[in-house]
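Coordinate inspection notes
Listed here are the chains, written in short residue letters.
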Amino acid sequence: MKRTFILSVLTVVFFTFLSSCSSQEIDVKPFKFAYLADIHISDVATNVEDLELSVADINSLGDIDFVIFAGDITEFGSDEEILLAKEIIDRLKIPYYVVSGNHDSKWSESGCNTFLNVFGYEVFDFEFNGVRFLGTNSGPNMRMAPALVPRESMVWLDSVTNNVNKNTPVIFVNHYPLDNAMLNYKDVIEKLRRTNIQLSMCGHGHNNKSLDFDGIPGVMGRSNLRGGKVAAGYPGYNIVSIAGDSISFATRSNGVTQEPWHTMRMVKRVENPNTIENYLPDSVAESMDIINRDSPVSVVWEFQDVSDIGSAPYYSNGVVFISNSAGYIKALDFNDGSVKWEFKTGGKIYSSPIVDANEGVVIVGSTDNNIYGVDASNGQLRWKNSANKSVLGSAAIHNGLAFIGASDGTFRAIDVKTGETRWIYEQIKGFIEAKPWVDNQGVYIGDWANMVYAFDPVTGDLKWTWTNRRGRGLSAAAVWPVKANGKLFVVTPERRVHAIDASNGKELWSARGGREAIGLSEDLSAVYIKTMQDTVIAFDTRSYNRRDSSPIKIWESHAGYGYEIAPSPITSGYGMVFIPTDKGDIFSLDAQDGSFLWRYKMSIALINYIKPVGNNRLLVTSMDGKVSLLQL
């Protein structure tokens, strides 16, 4: 009797187990979708034609359910390119879903605002035939740096992956592959592992390729462009077929769908990792601790925002002012980092706040086409000055005027007390994203049309222009220009530093080195140039070799930061030079001889600015939304 009872129980358990196994099998009703990436709409006529041909071809097929676009929709992220891409994509007769890539976000004249407004979203989440599709935008947004899923998108992904049905197959879409080309890929993977993740789809590499992302199957899709692809001479894309537990990928080009180049099987993949409480996974946090073990730096306080921060902090009268890509200006208490007040604009912000202490007003530009003057004590709006396009540039204040550039071809001088425009220059050729240098002699700024301008600070009259006569992408536009001893210094992505006579715009000397990061010594005797490969150079600002128009090098330091492309300004203080990097590290060099002093890892993302604030303290922001007050 007892044995019969036990056998009955075991039989029930066995069939319950079989039933649970069966319920976890993946069996999806068949469907197909088109998968396009790296479209790069621009003024190149064939790029436009390639998208038009692919859209028409998709419309000619009767069995495609929807279309996914995996980033780099445009070449420069301009308003014109985005609107043109949208007009062509809207010709599709079936639904489509789109995410942005680095080309859509790095050189965006709108600060990524136009992409959001035109397409209506930056992330997507939908379900089709029982399969859940999640898509996120990816940067770097407005700053030259390795890829990064923006902080606000990570917050969204964290919420979604915590609530997805564990039995629902999930496919993730992002422009970048989930590898070390993207700074927060480990965090993305950890969040995806909460779900029944089946596949991560990407673009960026312009070729079809099957990948593996820490056990998550990955697929990179070919570019839609015609040149040098699978079917050379014709645009093309992939058709993805899902049926039962199978996913296959086949290239379609010139009206022909080829045999699948990759097929994979869907299996149950929920791993249920421990909930991630911090933004960084433990492995990254532990590596930060190891790096910082020998550093003299300690954290006074740290503030973690819910959005990206792509701007410099500002300190004034016991308050730290920051801005973020969610469109907020925030005031933090200098003693503990707590939020004192916040002010919401109508767009994203990449403009660095600045405070006029005499008037008690903080000034910031926004991608909602406005420049704001906000009361520094309580966050109340004092005034608003409107532009015709996004305001990405940061203001510099001199003699009661705020000088700031925008994306509408206009540079402005604004009364900091009233917000009234004192003068404007309306013939800027490209959009402005940097902060000008201002003194009694001039206002100096570069744009993304390969021009550097010098204005009279009182009248706004154009004094001179300078150009390196190279293409748009080699403009002195991301660099914050600096001036010392009658010379204006800029660096350009052509990897050169230029010394310009500040009185007439004549180039005095040029040398190899640099990209977009530059800074001055405390006594203005040296200009610091960060190269893209491990080296910082100090040049003399006072004199140069007139015989051959070459600079005088004070020192050259192999700092140890490796390959590096952050455009963030170099700063100096306390007898040290502070080097920001694109991977969250701060390097400190001796200002006298350039010798290495210490390295401190604050984050995994680009360091925007390192601001000495007295008493051996540094105020720092990073692109992934961190603000730190550090003690040396």
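Higher on the page you've got the structure.
The sections below set out a description of the structure shown in this document. None of these values were measured; they are calculated from a predicted model.

Calculation criteria
- Residues numbered from 1 in each chain as written.
- Predicted model: local features only at pLDDT ≥ 70, side-chain atom pairs only at ≥ 80, totals over all residues.
- Heavy atoms only, no water.
- Helix = DSSP H or I, 4+ residues; strand = E, 2+ residues; numbered from the N terminus.
- Rg over C-alpha atoms; globule rule 2.2 N^0.38 Å.
- Buried < 20%, exposed > 50% of the residue type's maximum accessible area, 1.4 Å probe, protein only.
- Contact = heavy atoms within 4.5 Å.
- Areas by Shrake-Rupley, 256 points an atom, 1.4 Å probe, with all protein chains shown as cover.
- Lys, Arg positive; Asp, Glu negative; His and termini not counted.
- Charge placed at Lys NZ, Arg CZ, Asp CG, Glu CD.
- Pairing = 2+ DSSP bridges.
- Right-handed = clockwise from strand over helix to strand, strands pointing away.
- Core = buried A, V, L, I, M, F, W, Y, C linked by side-chain atoms within 4.5 Å.
- Salt bridge = Lys/Arg side-chain N within 4 Å of Asp/Glu carboxyl O.
- Axes fitted to C-alpha atoms, helices over the stretch in contact; angles between N-to-C directions.
- Disulfide = S-S within 2.5 Å.

1. Examining the overall build of the protein chain
A count of helices and strands for the protein chain gives eight helices and 45 strands. Relative to the compact-globule value of 26 Å for 632 residues, the protein chain shows a C-alpha radius of gyration of 27 Å, a close match. Each principal axis of the C-alpha atoms in the protein chain carries an extent, and together these give about 95 × 60 × 50 Å. The burial tally for the protein chain puts 62% of its 632 residues in the buried class. Of the contacts formed within the protein chain by residues at least 6 apart in sequence, a portion of 56% connects residues at least 24 apart. With the model as given, the accessible surface of the protein chain reaches about 24,100 Å², and the carbon-plus-sulfur share is 47%. Separation of charge centres in the protein chain, based on 59 positive and 72 negative side chains, amounts to 2 Å.

2. Here we look at the pairing of strand E30 (residues 462–466)
Examined bridge by bridge, strand E29 (residues 452–455) and E30 share four bridges and lie antiparallel to one another. The residue of E30 that forms the bridge with Ala454 is Trp464. Between E29 and E30, which pair antiparallel and follow one another directly, the connecting turn spans six residues, one of which, Gly460, has a positive phi of 85°.

3. Quick look at the pairing of strand E2 (residues 66–70)
Counting buried positions over the five residues of E2 gives five, a clear majority of the element. Where burial is concerned, the two faces of E2 agree: the one with Phe66, Ile68 and Ala70 and the one with Val67 and Phe69 are both buried. In terms of strand pairing, strand E1 (residues 28–36) meets E2 through four bridges, oriented parallel. In the sheet register, Tyr35 faces E2, and the bridge partner there is Ile68. This β-α-β element, E1 to helix H2 (residues 45–60) to E2, shows right-handed connectivity. Bridge count between E2 and strand E3 (residues 96–99): four bridges; the pairing is parallel. Looking at E3, one finds that Ile68 is bridged to Tyr97. For the crossover from E2 across helix H3 (residues 79–89) to E3, the handedness is right-handed.

4. Topic: the nonpolar core
The biggest cluster of nonpolar side chains holds 27 residues, and the ones touching the most others in it are Trp464, Phe489, Trp509, Ile518, Val527 and Phe539. With four residues, strand E32 (residues 487–492) is the largest single contributor of residues to this core. Beyond its immediate stretch of four places on either side in the chain, Phe489 contacts Pro481, Val482, Ala484, His498, Ala499, Trp509, Ile518, Val527 and Thr541. Counting 25 residues, the second largest nonpolar core, distinct from the first, contains Tyr35, Met201, Val240 and Ile247.

5. Brief notes about the pattern of salt bridges
By the definition in use, this model includes 32 salt bridges. For Glu190, the salt bridge identified is with Arg193, shortest N-O distance 3.5 Å. What makes Arg193 buried here is its relative accessible area of 14%. Through salt bridges with shared partners, a single network forms among Glu49, Asp50 and Arg226.

6. Side note on helix H6 (residues 151–161)
Residues of H6 that are buried: Arg151, Ser153, Met154, Leu157, Val160 and Thr161. Summarising the contacts, the buried residues of H6 are in contact with strand E4 (123–128), strand E5 (131–136), strand E6 (169–173), helix H7 (185–192) and strand E14 (298–304).

7. Describing the side chain of Glu81
Tracing the chain through its elements places Glu81 in helix H3. Although Glu81 is buried, it makes no salt bridge; Arg472 carries the closest opposite charge, 5.0 Å away. Excluding residues within four positions of it along the chain, Glu81 makes contact with Ile41, Ser42, Thr74, Glu75 and Phe76.

8. Some remarks on the sheet that holds strand E40 (residues 576–580)
The sheet built from four strands is open, its strands ordered E39-E40-E41-E42 with antiparallel pairing. Both edges of this open sheet fall to strand E39 (571–573) and strand E42 (596–601), since each of them pairs with a single strand only. Between one strand axis and the next, the sheet turns through 25° on average, direction left out of account.

9. Points about the sheet that holds strand E45 (residues 626–631)
Read from one edge of the open sheet, four strands run E14-E45-E44-E43, paired in antiparallel fashion. A strand with exactly one partner marks an edge of an open sheet, and here the two such strands are E14 and strand E43 (607–614). When strand polarity is set aside, the average angle formed by the axes of neighbouring strands in this sheet is 15°. Pairing of E43 with strand E44 (residues 617–622), which is carried by six bridges, proceeds in the antiparallel orientation. The residue of E44 that forms the bridge with Ile607 is Ser622.

10. Observations regarding the state of the cysteines
Per the counting criterion, the structure on display carries zero disulfides. For Cys112, which is in no disulfide, the shortest distance to another cysteine sulfur is to Cys202 and amounts to 20 Å. Assessed through its relative accessible area of 0%, Cys202 is described here as buried.

Fair warning: the whole summary comes from geometry, so function is off the table for now.
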